[in-house]
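Geometric and topological summary
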Amino acid sequence: MRRVVVTGLGIVCPLGNSVEEAWKNALAGKSGVRKIQSFDASEYSCQIAGEIRDFDSSAYVPAKEARRFDKFVLYGAVAGSQALEDSGLVVTEENAHRIGVAIGSGIGGLVTICENANTLKEKGPRRVSPFLIPGCIINMASGEFSILKGLKGPNVAYATACSTGLHAIGEAACIIARGDADAMVAGGAEAPICPVGISGFDNMHALSRRNDEPEKASRPFDKDRNGFVMGEGCGLLVLEDYDHAVARGAKIYCELAGYGLSGDAYHITTPATDGPVRSMKMALNHAGLKPEDIDYLNAHGTSTSVGDINESRAVRELFGEHTDKLVVSSTKGATGHLLGGAGGIESVFTVLAIRDQVAPPTINIVNQDPECCINVCKDKPQQMEIRAAVKNNFGFGGTNATLVFKRV
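From a predicted model like this one, the values you see are computed outputs, not experimental measurements.

Turning our eyes to something else, we now look at the state of the cysteines. Applying the stated criterion across every chain, the model contains zero disulfides. Residue Cys136 stays outside any disulfide, its sulfur separated by 10 Å from that of Cys114, the closest cysteine.

This is the structure:
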């Protein structure tokens, strides 16, 4: 099996529309959560979200063509273009069939579906857009980006709720490792902030209703957390065969050394501890590492009552005494929860943590929940040695995913 490394990064998220901007704001402890601007949410119980601001896709997607696609597709096009540019990988007629795309989404084009449903109701079936289906189906982020860049390698999409981004990255790495591609652009994209999206999650009592303090609403591992905050955006990695990257003199951020996945077989929304434990254990086994070899863990950490406790217990069960030395952070305090896009942007942050040897802070922890008995990086970034890092994401339906990144 071939070694897989990270050579490019791209991001569009509530903290910024470029990698360095988003990372700078994450380290500064800033929040991207505000009052919802994309629609009038004044009558909703939840009126806050991590929305993208000042987004412009025109540098990568012509305006006429952009109108055909849902926002999650455009987020993928911009983040993917950033990542490909960052990697320095030039697509040619000779290598195009060896470069693929794996961009997943938990929900897909929810905004476009809702808009066309309203059109159908108000104006009739003949006014529904002919671009409804090709503009919003989940695989179109991968499809449109492959067309934009002429990438003729494997073209796939994954949909595993909030584990989507990690599964896309992990499966893309497997494609490279077995020799079916030399490089893959992989991660997750999501644009769920619309009346139906907010209502659906809020009526489950899953969302925070701390409307008077949006910036303080997402509180992973805090005793007073009261639900997650919806976010939107995309994070993508260029993964590449190690020998291929070295041969072309590529900048290598780190190695993607391990990938694990599991199912809880327990409940559609409530997590179980053994699934995350098995996912993390599998990833460590594939990486050839022991729990004590991991210095940093970027948690799923959604700011939900049950989820944060469950992940904390899983971490302590697997890492044992090393848990007290393992530095943990959840960047969802700053970005909100991007659902299928979470694993992508949080993998970007994890890679940058290894590059800069610093753990980003978990903001909004005032009183850490004693049941979340892990070593959380709070308030400010922690400069430290990071030899290897774990990234977790877990999703509805009991689906779990873990990646292990390490220095080359």
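So, next bit.
Moving on, we come to the sheet that holds strand β8 (residues 254-263). Here we have 11 strands laid out as an open sheet, ordered β5-β4-β6-β7-β1-β8-β15-β14-β9-β10-β12, and mixed in their pairing. Each of the sheet's edge strands pairs with one partner strand only, and the pair in question is β5 (155-156) and β12 (375-376). Relative to β5, strand β4 (residues 99-104) is paired through two bridges, and the arrangement is parallel. Across the sheet, residue Ala102 finds its bridge partner in β5, namely Val156.

This part takes up the packing of helix α3 (residues 71-87) against helix α6 (residues 140-149). Pairs of packed helices are described in terms of their axes, by the angle between the two and the distance that separates them. Across the interface, α3 lies against α6 with an axial gap of 9 Å and an inter-helix angle of 45 degrees. The angle between the axes of α3 and α6 places the two elements in the oblique class. Judged by the twist between their axes, the crossing of α3 over α6 is right-handed. For the pair α3 and α6, contact is made by Phe72, Val73, Gly76, Ala77, Gly80, Ser81 and Leu84 and by Met140, Ala141, Glu144, Phe145, Leu148 and Lys149, respectively.

The next thing to look at is the pairing of strand β7 (residues 233-241). With respect to burial, β7 is a largely interior element, nine of its nine residues being buried. In this sheet, β7 lies alongside strand β1 (residues 4-12) in antiparallel orientation, the contact comprising eight bridges. Residue pairing for β7: Leu9 is matched across the bridge by Leu237. Sheet topology places strand β6 (residues 183-190) next to β7; eight bridges connect them, and they run antiparallel. Following the sheet pairing, Ala183 is matched in β7 by Glu240.

Moving on: the packing of aromatic side chains. Under the criterion given, the structure shown has five aromatic pairs. Seen from their ring centres, Phe55 and Tyr75 are 4.9 Å apart, and the 85 degrees between their planes marks the pair as edge-to-face. Note that Phe55 is positioned in the loop between β3 (48-49) and α2 (63-66) and Tyr75 in helix α3, a separation of 20 residues in sequence. A network of ring pairs unites the aromatic residues Phe201, Phe228 and Phe396 as a single cluster.

Next up on the list: the pattern of salt bridges. For the structure shown, the criterion picks out 22 salt bridges. Residues Glu255 and Arg3 are paired through a salt bridge, measuring 2.8 Å at the closest nitrogen-oxygen approach. Taken together, the residues span a long stretch of sequence, with Glu255 in strand β8 and Arg3 in the segment before β1 at a distance of 252 residues. When its relative accessible area of 8% is taken as the criterion, Glu255 is described as buried. Counted as one network, the salt bridges with shared partners bring together Arg2, Arg98, Asp182 and Asp241.

All right, on to the pairing of β1 then. Buried residues dominate β1, accounting for nine of its nine residues. The sheet contact formed by β1 and β8 spans two bridges and is antiparallel. Across the sheet, residue Val5 finds its bridge partner in β8, namely Glu255.

This paragraph deals with helix α7 (residues 164-177). Taking 1.5 Å as the rise per residue, α7 with 14 residues should run 20 Å; its terminal C-alpha atoms sit 20 Å apart, in good agreement. Among the 14 residues of α7, 12 are classified as buried, and the element is accordingly described as predominantly covered. Two residues or fewer past α7, Gly179 is found with a positive phi of approximately 95 degrees.

Residue position: Ile386 is located in the loop between β13 (382-383) and β14 (388-395). Residue Ile386 is classed as buried on the basis of its relative accessible area of 0%. Distance in space between the C-alpha atoms of Ile386 and Ala314 is 21 Å, their sequence separation being 72 residues. Leaving out residues up to four positions away in the same chain, Ile386 has contacts with Asp295, Tyr296, Ala353, Ile354, Gln357, Val358, Ala359 and Arg407.

Here we take up the side chain of Asn310. Tracing the chain through its elements places Asn310 in helix α11 (residues 305-319). Excluding anything up to four places from it in sequence, Asn310 contacts Pro271, Ala272, Thr273 and Pro276.

Parameters and conventions
- Residues numbered from 1 in each chain as written.
- Predicted model: local features only at pLDDT ≥ 70, side-chain atom pairs only at ≥ 80, totals over all residues.
- Heavy atoms only, no water.
- Disulfide = S-S within 2.5 Å.
- Pairing = 2+ DSSP bridges.
- Helix = DSSP H or I, 4+ residues; strand = E, 2+ residues; numbered from the N terminus.
- Axes fitted to C-alpha atoms, helices over the stretch in contact; angles between N-to-C directions.
- Parallel < 35°, antiparallel > 145°, perpendicular 65-115°, else oblique.
- Left-handed = near helix turned anticlockwise from the far one by under 90°.
- Contact = heavy atoms within 4.5 Å.
- Buried < 20%, exposed > 50% of the residue type's maximum accessible area, 1.4 Å probe, protein only.
- Phe/Tyr/Trp six-rings, centres within 6.5 Å; stacked < 30°, edge-to-face > 60°.
- Salt bridge = Lys/Arg side-chain N within 4 Å of Asp/Glu carboxyl O.
- Expected span 1.5 Å × (residues − 1).

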